[in-house]
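# Breakdown of the fold
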Amino acid sequence: YAASSLAGKMKLSFLPEIITASLLMVLYDLVLEQVAPVLEMWKWEGGMVPFRNYLAWFVVSLVFQIIIRLTGLNTKNPVVTVLIVSQLLFLLILMLAFNPLR
């Protein structure tokens, strides 16, 4: 929903908008995956996130974005940018605080 709302603010046509929203979700997961093991949310075998995880995120996101667009769900939300930026900043601060890349 938030990724769809943010991508919708870019005034893109159908395909670029759903791809952009899906990539935003993958970007969010990319940041989250750096912090999750340190916070013991989950761990990956060998400590490395497999590429298939990001590919799956993209595909699932793409399906949801298509559904959102085809159903005409209203995703206009004036606070979505603040929400996404604050969540990403929170995760980045946690990354710095716990330094999971050591």
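Residues numbered from 1 in each chain as written. Predicted model: local features only at pLDDT ≥ 70, side-chain atom pairs only at ≥ 80, totals over all residues. Heavy atoms only, no water.

## Quick look at the pattern of salt bridges
For the coordinates displayed, the defined rule picks out one salt bridge. Salt-bridge contacts for Glu17 lead to Arg69; the nearest nitrogen and oxygen are separated by 3.2 Å. Placement of Glu17 in helix H2 (residues 14-35) and of Arg69 in helix H3 (residues 51-71) is noted, with a sequence separation of 52 residues between them. The exposure class of Glu17 is buried, given its relative accessible area of 11%. (Salt bridge = Lys/Arg side-chain N within 4 Å of Asp/Glu carboxyl O. Helix = DSSP H or I, 4+ residues; strand = E, 2+ residues; numbered from the N terminus. Buried < 20%, exposed > 50% of the residue type's maximum accessible area, 1.4 Å probe, protein only.)

## Some words on the packing of H2 against helix H4 (residues 80-98)
Their axes nearest at 9 Å, the elements H2 and H4 cross at an angle of 30°. The orientation of H2 relative to H4 falls into the category roughly parallel. Our pair here, H2 against H4, has a crossing hand that is left-handed. Along the contact surface, H2 presents Tyr28, Val31, Leu32, Gln34 and Val35, while H4 presents Gln87, Leu88, Leu91, Leu92, Leu94 and Met95. (Axes fitted to C-alpha atoms, helices over the stretch in contact; angles between N-to-C directions. Parallel < 35°, antiparallel > 145°, perpendicular 65-115°, else oblique. Left-handed = near helix turned anticlockwise from the far one by under 90°. Contact = heavy atoms within 4.5 Å.)

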